Amino acid sequence: MTHNKITLIGAGLVGALLATLLAQRGFSVEVFERRPDPRKFGFLGGRSINLALAERGWHGLRLAGLTAPLAPLAVMMRGRMVHARDGKTELLRYGRDDSEVIWSINRGSLNMALLDAAEVAGARIHFNQRLASVDWEKSTLLFVDENDGARYEHAARTLIGADGAGSTLRAAMAQKISLGERFEPLDHGYKELEIPRLLDLSGATFAQTHAHQRERGELFAMEPNALHIWPRGNYMCIALPNAKGNFTVTLFLPNTGEPSFTSVQTPAQVRALFARDFADAVPLIPDLEKDFAANPTALLGTLYLDRWRIDGRALLIGDAAHAIVPFHGQGMNCGFEDAVELTQIMENAANDTSAAFAEFERRRKPNTDAIAAMALENYVEMRDSVADAHFLLMRALERRLAERHPGHFLPRYWMVTFSRLPYVTAFARGEIQSTILRELTAGKSDLAQIDLAQADALIAARLPPLPSAPSK
Ligand SMILES: Cc1cc2nc3c(=O)[nH]c(=O)nc-3n(C[C@H](O)[C@H](O)[C@H](O)COP(=O)(O)OP(=O)(O)OC[C@H]3O[C@@H](n4cnc5c(N)ncnc54)[C@H](O)[C@@H]3O)c2cc1C
C-alpha cells in the first residue's frame, strides 16, 4: 500500500523515533529540524543532559532496532541512593532485582543514534530549517533556512509536530482552531551542575575522602548504579551517572522564598546552601559557583491541551502535545510510546489520516493526563517522602503485598516504569492501592504490626483483577 507523505517538524527524541518507525513501514517521511546536524556540528543541548530510560522507552527503541547499539551507552540505576544531611547513604531499590531497573543515557548520544536510524530507514532530514508559520488555506509551510536567513514556502498535506514544549506548529494550529491550551507553571525551577570523573577531581578534602576509590582505579566519584537524591523537604538535588564517568547534578529549588533561585544567587549564597544541605556533594563539585553562575535556571510546568489535531492535516505529539514535569523520568518515555502507538494506528488506517489522528488522540490523551498527574505527585515523593519513616513503612508494605498478590497488587512505580500497562490504569490502581496502604499503616511503625489478613481482604474487595497479564 502507498502511504501518505508525512512532513514532520522536529528531529528531537520523539520526532527522530517517529520518523524511523514510519519510514520502516513504508511511509515517505520528510523531517525539518531547526538545529544543525548534531553528528557534524555537536549536540546543542536543549533540556537535560541525561535522561532516565525505562521500559516504555526501551520498547520504542527495540522496535527501531536500537537496543544493541544503545545498551553500552546506558548506565544501570538500581534505585534511589538517598543522601541524608549527615552524609549517610541508603539505596532504596526500584524493583525486585536487576531486571527491574532504569537506565541513564546521554540525550545527545540517544538523539544521534535515532537520527542515524531514521536516515537508514529512508527518512529525509533537513537540518537548520525552522518552521516559522503555516498557511492553512494554501496548505503551505513557511520555513527559515537558519544557514542564511532565507525564507521559503513548502507544500505539505499531512503534518506532525514533534517540535517540543515551545512548538511553533502548535502556535500555528491555535490560530486556526481553539486547542484549549493551558500551561501550568511549577513554582520550582532547576539548574544543572556537574560531578566530574574521579580522576578529574582534585583538592585536599577530596584526596582524603576518596583516596581508596582512586587507588582501586574507579571511574565514578559515587556509586554509579543509582539515581542519587538529596531530599530536603521543599527542594532537592539529584545526580544521574553518565557512561563516561561523570554525573549530571540537577538542583531543584522554588523560584521564590527561602531557599530559592531568588535568595541563592551570589557565589557565597550558593556555597552556603550546599555546605548546609548537600555537604557530602561539595567536594565532588569543584566548579560549583562557576557552573551555578554560567548554567541557566530553567522553568518547569505542565502543558495541557483539549485537542492535538486539525482533522487529518496536523497532529501534535510528544512534548508539543503534553509536556510534563520531569519527576517521574517519563516525558521521553511517554513520547516514545506516542510514537509507537501512532505508527501502529497509521499503519492500519488505510490512509484515512483524519481517523488515525482522532484515534491517536482518543487513546493517548487519558494516558498523558495520567502521567502528568503522577509526575507532579512524584516531586513530593522524591524531595520529601523518601526521607520519611511512615512513607518507608508504606513502601515496605507495598513490596510485601506485591509478593503476596503477584500480577494483582503491583506497585504504581512498577506499573509506570517497568511495564507498558496504560498510564491511566497505573494511576487508577495506584489510587486504590494507596488508600489501602494508608489504612493499613495508620498509627503503625513496623511491618510486623500490620494485619495481613485484613490487607488480603481489602485487596480482594477493592482492587479488580487486571484485564490481562501485565506486559513487560
Ligand atoms: C530537566 C529535565 C529532565 C528530564 N528527564 C527526563 C527523564 O529522565 N526521562 C524522560 O523520559 N524524560 C525526561 N525529560 C523529558 C524529556 O526531555 C522530553 O519529554 C523529551 O525531550 C520530549 O521530546 P520531544 O522530541 O517531544 O521534544 P524535544 O526534545 O524538545 O525536541 C523538539 C525538537 O524540535 C526542534 N524544533 C523546535 N522548534 C522547531 C521549529 N520551529 N522548526 C523545526 N524544528 C523545531 C528542536 O530543535 C528539537 O530538536 C526531562 C525534561 C527535563 C526538562
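Scroll up a little and you will see the structure.
Residues numbered from 1 in each chain as written. Predicted model: local features only at pLDDT ≥ 70, side-chain atom pairs only at ≥ 80, totals over all residues. Heavy atoms only, no water.

We now examine the packing of aromatic side chains. Tallied over the full model, the rule gives 14 aromatic pairs. Measuring from ring centre to ring centre gives 6.3 Å for Trp 58 and Trp 103, while their planes differ by 90°; the resulting arrangement is edge-to-face. Pair noted here: Trp 58 is in helix H3 (residues 55-63) and Trp 103 is in strand S7 (residues 102-106), with a separation of 45 residues, a long-range link. Here Trp 58 falls in the buried class, since its relative accessible area comes to 10%. Plain terms: the ring middles of Phe 327 and Tyr 379 are 3.8 Å apart, the flat faces sit at 10° to each other, and that makes the pair stacked. Remark: Tyr 379 occurs in helix H12 (residues 353-383) and Phe 327 occurs in the loop between helix H10 (319-322) and helix H11 (331-347); sequence separation between them is 52 residues. (Phe/Tyr/Trp six-rings, centres within 6.5 Å; stacked < 30°, edge-to-face > 60°. Helix = DSSP H or I, 4+ residues; strand = E, 2+ residues; numbered from the N terminus. Buried < 20%, exposed > 50% of the residue type's maximum accessible area, 1.4 Å probe, protein only.)

Turning our eyes to something else, we now look at empty space enclosed by the protein. The gaps of empty space that remain are located by a probe, the size of a water molecule, rolled over the atoms. Using the criterion set out here, one finds four cavities of 30 Å³ or more in the structure. Taken as a whole, the largest cavity encloses approximately 80 Å³ of empty space. Lining of the largest cavity is provided by Ala 11, Gly 12, Glu 33, Arg 35, Pro 36, Pro 38, Gly 42, Phe 43, Leu 44, Asn 111, Leu 115 and Phe 127. Tallied by class, residues from the lining of the largest cavity come to seven nonpolar, three polar and two charged. Put simply, the second largest cavity is a space of about 60 Å³. Along its surface, the second largest cavity is lined by 13 residues, and Leu 303, Tyr 304, His 322, Thr 368 and Asp 369 are the ones closest to its centre. Counting only elements with at least two residues in the lining of the second largest cavity, the list comes to strand S17 (298-304), H10 and H12. With four residues, H12 is the single largest residue contributor to the lining of the second largest cavity. By residue class, the composition of the lining of the second largest cavity is eight nonpolar, three polar and two charged. (1 Å grid on protein atoms, 1.4 Å probe; cavity = no way out; pocket = protein on both sides within 12 Å on 5 of 7 lines; lining within 4 Å. Points joined across faces, edges and corners; volume = space filled by probe spheres on them. Nonpolar A, V, L, I, M, F, W, Y, C, P; charged D, E, K, R; others polar.)

What follows covers the layout of surface pockets. Within this model, the second largest pocket holds a volume of roughly 1,000 Å³. For the second largest pocket, the lining is made up of 40 residues, of which Arg 395, Glu 398, Pro 411, Arg 412 and Tyr 413 are closest to its centre. Residue assignment for the lining of the second largest pocket shows that the elements contributing at least two residues are strand S6 (89-93), H12, helix H13 (389-404), helix H14 (412-418) and helix H15 (423-441). It is H13 that contributes the most residues to the lining of the second largest pocket, nine residues altogether.

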